[in-house]
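One letter stands for each residue in the lines below.
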Amino acid sequence: MRAHHIMTKDVVAVTPHTTIEQAARIMLQMHISGLPVIDDAGNLVGMVSESDFLRRSEIGTGRRHAAWLKFLMGPERAAADFVHERGRKVADVMTKQVVSVQEDADLAELVDLMEKNGIKRVPVMRGKAPVGIVTRTNVLQAVASLVHEIPDPTADDEHIRERITRAVYATDWRPIGFEVNVRKGVVHLHGLVTTDEARQAAIVATENTAGVKEVHDHLCFVDTYSGFYMESPEDMKAAG
């Protein structure tokens, strides 16, 4: 799946000369939290988002720095803050270093960029011109549309057991003495885990196997240092 498969194509954009008031009204009216900024040639030159409106003199949220910090920051930083808090045009507040992807970028690359840069939206480019935008909502929509059961004619009990066993044994966290029992798509997991994360990973691997209808966790916890042993939460609950 590529960026152009999930992007929003009808992108609302503003220019560097758009006023702060106009940009804010557009975001409110369109129920969006960020806008790409394009120049007269249609090239992407920045992004403006809700966070760019947080520090504004009109609402009394401008930055207040102690005198010693102002001295350390120097006049250049003070001037930049002044422009950001009192500027009247998008160019005064927008983020100029924009993280973007080309339209054929795969989703793994796109999501990596979102996580690495802590951003919620990524413009999708064709050359230097934006043709769409991908937000976290678009990624969520992709998950909702694709994560569903696809019928598999080979998903009988024996195939299910083999696939779960193969998937789990290929990992570094596989449970000790891992065993899988399957009857009519209902799976029972047995073995020993040394961490709660390994238990959850084994359950997730099972849930992602075609044909699985239910998963029952009988994986016991054991502390390899003390020998402390505990049955699975499901088994403890069943025992009352």
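Residues numbered from 1 in each chain as written. Predicted model: local features only at pLDDT ≥ 70, side-chain atom pairs only at ≥ 80, totals over all residues. Heavy atoms only, no water.

Trainee: Sorry if this is basic, but what is going on with the overall build of the chain here?
Mentor: Of regular secondary structure, the chain possesses 9 helices and 9 strands. For the chain, the residues scored as buried account for 30% of the 240 residues in total. Taking the contacts inside the chain whose residues are at least 6 apart along the sequence as the reference set, 53% of them involve residues at least 24 apart. Accessible surface for the chain amounts to roughly 15300 Å². Of this, 55% is attributable to carbon and sulfur atoms. (Helix = DSSP H or I, 4+ residues; strand = E, 2+ residues; numbered from the N terminus. Buried < 20%, exposed > 50% of the residue type's maximum accessible area, 1.4 Å probe, protein only. Contact = heavy atoms within 4.5 Å. Areas by Shrake-Rupley, 256 points an atom, 1.4 Å probe, with all protein chains shown as cover.)

Trainee: I'm lost on the confidence of the model for the chain in this one. Help?
Mentor: Close reading of the predicted structure is inappropriate where its pLDDT is low. In this model, the chain carries an average pLDDT of 87, and 90% of its residues clear a pLDDT of 70 or more. Within the chain, the element-level pLDDT minimum falls on helix α3 (residues 67-86), averaging 71, and the maximum on strand β7 (residues 186-193), averaging 96. (pLDDT = per-residue confidence, 0-100.)

Trainee: What exactly am I supposed to notice about the side chain of N138 here?
Mentor: Note on placement: N138 falls in helix α6 (residues 136-146). With residues up to four places along the chain from it excluded, the contact list for N138 reads I6, T8 and I133.

Trainee: So what exactly am I meant to see when it comes to helix α2 (residues 20-30) here?
Mentor: Note: α-helices contain 3.6 residues per turn, so residues at a spacing of three or four share the same orientation. Considered for burial, the residues of α2 that qualify are I20, A23 and M27. Buried residues of α2, viewed axially, fall in a sector of 70°; they line one side. Set apart from the buried face of α2 by more than 90 degrees, the exposed residues are E21, L28 and Q29. Each element contacted by the buried residues of α2 is listed here: β1 (34-38), β2 (44-49) and α4 (90-93). Where α2 ends, the next residue or the one after it, H31, has phi of about 60°, a positive value. (Arc of directions from axis to C-beta.)

Trainee: I tried to follow the packing of aromatic side chains on my own but got confused; where do I start?
Mentor: What describes a pair of aromatic rings is the distance from one ring centre to the other and the angle between the planes of the rings. In this structure the tally under the stated criterion is 1 aromatic pair. Relative to F178, the ring of Y169 lies with its centre 6.3 Å away and its plane at 55°, an arrangement referred to as tilted. Looking at Y169, the relative accessible area reads 40%, which means it is partly exposed. (Phe/Tyr/Trp six-rings, centres within 6.5 Å; stacked < 30°, edge-to-face > 60°.)

Trainee: When you look at a nonpolar patch on the surface in this model, what are you seeing that I'm missing?
Mentor: Side chains of F228, M230 and M236 sit close together on the surface and give an oily, nonpolar patch of about 270 Å² of accessible area. Structurally, M236 is set in helix α9 (residues 233-239). (Patch = residues over 30% accessible without salt bridge, like charges linked within 9 Å, V, L, I, M, F, W, Y side chains within 5 Å. Salt bridge = Lys/Arg side-chain N within 4 Å of Asp/Glu carboxyl O.)

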